[in-house]
Amino acid sequence: MAEIPVFPKAESIIIHTGNMVNWSRLKRKPNQQATEELLSGIDEQLQSCKRTLDLNDVQYLTRLECKGNTVRECKINLAPNAATVDCNSIPCPNEDTIALKFSNEDRDNLKITVKVYLHECTPESLSEAVEKVMESLGTTYLETLLVALPENITQDFSLEAVKPVWSQLEKLVQDKHLIHIGFSDLNKQQLEQVYDWATEKPSIDQVNLASCCVMPQDLVDFAKLNLIQLLSHNDPKDILPAESFRKKLQEHFTQADSDNWQPYWTVRYSGIVKGRGVIHSKGYITKAIRDIKNRK
């Protein structure tokens, strides 16, 4: 007999890992790669939220949000300029995750860096991701934001495909929501195309040293000439494979609940204490979507 799905009408789900710096030592695993760390956070939140779900209510929810200590139904879409979201909250205690929002005192002493991994190269997904992380952290601006484009975009680069996303970043800079903006994994030719076209110039480019032992010299020369900071990273090209996400859902719910989900965007944020370099906070927020009309 087939299992009855828990949330058969859900078309989107947002999961916050909460501040992973506050995880107990037993839950922290040393030297985790980004995907492993993200999946651990998703696993913790799904397990926590499942404990207190009202199985009758959740049957009718179309948009789910598992946030540290709550699972919520979002009643309105997250418009690019939305300030708040009207949600009904169902308590979902998680003793290892404290409130995400920074106090005013904390915020003044922190430098927040955000990396947005786009699974679809659209300004709408970027705007929603930035809005959500600012809302979650209780801030109106971010010091640094980096964009990791989908792998198909970086492999078969087209400036026309990137322009709408970068234009949205420029608007966020002009509206004083972002200070420094840049990319991850653009080579010299790609970065130069964006730089020559853009009004707000990229000031950072991350280079994956897994693909090269040293920074490419042409990229170094271009960055030096145009005052672009080069940073290194070792993130995978696909931070959240769809199959891995579906597997986590199936582990905690049913096969039907895990069907057809596709990651839409993922955010990693970190708050560093200014002048000290101490990590105050670190976490992930991810959104996945599915078309319930076209199930397997």
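Being a predicted model, the structure only gives us computed values, none of them experimental. (Residues numbered from 1 in each chain as written. Predicted model: local features only at pLDDT ≥ 70, side-chain atom pairs only at ≥ 80, totals over all residues. Heavy atoms only, no water.)

Undergrad: Any chance you could explain the pairing of strand 6 (residues 142–148) here in plain terms?
TA: Looking down a regular strand, the side chains alternate between one sheet face and the other. Counting buried positions along strand 6 gives seven out of seven residues, so the element sits mostly inside the fold. The sheet contact formed by strand 5 (residues 110–118) and strand 6 spans five bridges and is parallel. Bridging from a neighbouring strand, Tyr117 pairs with Ala148 of strand 6. In this region the chain leaves strand 5, passes through helix 4 (residues 123–137) and returns to the parallel neighbour strand 6; the handedness of that crossover is right-handed. In this sheet, strand 7 (residues 178–184) lies alongside strand 6 in parallel orientation, the contact comprising six bridges. Pairing of Leu146 across the sheet is with Gly182, part of strand 7. (Buried < 20%, exposed > 50% of the residue type's maximum accessible area, 1.4 Å probe, protein only. Helix = DSSP H or I, 4+ residues; strand = E, 2+ residues; numbered from the N terminus. Pairing = 2+ DSSP bridges. Right-handed = clockwise from strand over helix to strand, strands pointing away.)

Undergrad: What is the right way to read the pattern of salt bridges from this model?
TA: A side chain of one charge can pair with a side chain of the opposite charge when the charged atoms of the two come close. Tallied over the entire structure, the rule returns 13 salt bridges. Among the salt bridges present, the one from Lys282 reaches Glu37, with a minimum N-O distance of 3.1 Å. You can see Lys282 sitting in strand 11 (residues 279–289) and its partner Glu37 sitting in helix 1 (residues 34–50), a full 245 residues away along the chain. Of the charged contacts, one joins Lys248 and Asp43 as a salt bridge, the two residues approaching to 3.7 Å between their closest N and O atoms. (Salt bridge = Lys/Arg side-chain N within 4 Å of Asp/Glu carboxyl O.)

Undergrad: Help me understand the confidence of the model for the protein in this model?
TA: Reading fine detail from the predicted coordinates is not recommended where pLDDT is low. Across the protein, pLDDT averages 85, with 83% of residues at or above 70. Considering only residues more than four positions removed or in separate chains, one finds that residues 69–99, a stretch of pLDDT under 50, has 79 contacts. (pLDDT = per-residue confidence, 0-100. Contact = heavy atoms within 4.5 Å.)

Undergrad: Mind showing me how you'd approach the packing of helix 4 against helix 6 (residues 159–174) here?
TA: Viewed as axis vectors pointing N to C, helix 4 and helix 6 meet at an angle of 35 degrees, and their least axial separation amounts to 8 Å. Between helix 4 and helix 6 lies a crossing of right-handed hand. When helix 4 is examined against helix 6, the residues Pro123, Leu126, Ser127 and Val130 are found in contact with a partner set consisting of Pro164, Val165, Gln168, Leu169 and Leu172. Class assignment of the residues belonging to the contact of helix 4 with helix 6 gives a composition of seven nonpolar, two polar and no charged. (Axes fitted to C-alpha atoms, helices over the stretch in contact; angles between N-to-C directions. Left-handed = near helix turned anticlockwise from the far one by under 90°. Nonpolar A, V, L, I, M, F, W, Y, C, P; charged D, E, K, R; others polar.)

Undergrad: What am I meant to see in the nonpolar core here?
TA: The tendency in soluble globular proteins is for nonpolar side chains to be buried side by side. Membership of the largest hydrophobic core comes to 46 residues, with the highest contact counts inside it found for Val114, Leu126, Val133, Leu142, Leu145 and Val147. Among the elements that take part in this core, helix 6 stands out by supplying seven residues, more than any other. Residues within four places of Leu145 in sequence aside, it is in contact with Val114, Val116, Leu126, Val130, Leu169, Leu178, His180, Ile181 and Gly182. Residues Phe7, Leu46, Trp261 and Ala288 belong to the second largest nonpolar core, which totals 28 residues. (Core = buried A, V, L, I, M, F, W, Y, C linked by side-chain atoms within 4.5 Å.)

Undergrad: Even after reading the chapter, I still don't get the packing of aromatic side chains, so can you show me in this structure?
TA: What describes a pair of aromatic rings is the distance from one ring centre to the other and the angle between the planes of the rings. If you walk through the whole model with that rule in mind, you get three aromatic pairs. The interplanar angle of 85 degrees and the centroid separation of 5.7 Å between the aromatic rings of Tyr195 and Phe222 together place this pair among those described as edge-to-face. With a gap of 27 residues between them, Tyr195 in helix 7 (residues 188–197) and Phe222 in helix 8 (residues 217–225) connect regions that are remote in the sequence. Comparing Tyr195 with Phe222, the two get one shared label, buried. Its guanidinium or amino end placed over the ring of Phe253, Lys50 lies 5.9 Å from that ring's centre, counting from NZ or CZ. For the cation-ring pair, Lys201 lies above Tyr195, with the distance from its terminal atom to the ring centre recorded as 5.0 Å. (Phe/Tyr/Trp six-rings, centres within 6.5 Å; stacked < 30°, edge-to-face > 60°. Lys NZ or Arg CZ within 6 Å of the ring centre and 35° of its normal.)

Undergrad: Which parts of the structure should I look at to understand the environment of Asn260?
TA: In this structure, Asn260 sits in the loop between helix 10 (255–258) and strand 10 (262–273). Residue Asn260 is classed as buried on the basis of its relative accessible area, which comes to 15%. Along the primary structure Asn260 and Ala242 are separated by 18 residues, whereas in three dimensions their C-alpha atoms are 8.8 Å apart.

Undergrad: Can you walk me through the environment of Val207 in this structure?
TA: Within the secondary structure, Val207 is located in strand 8 (residues 204–208). Taking the relative accessible area as the measure of exposure, Val207 reaches 7% and is therefore buried. Between the alpha carbons of Val207 and Ser232 there is a distance of 4.8 Å; along the sequence they are 25 residues apart.

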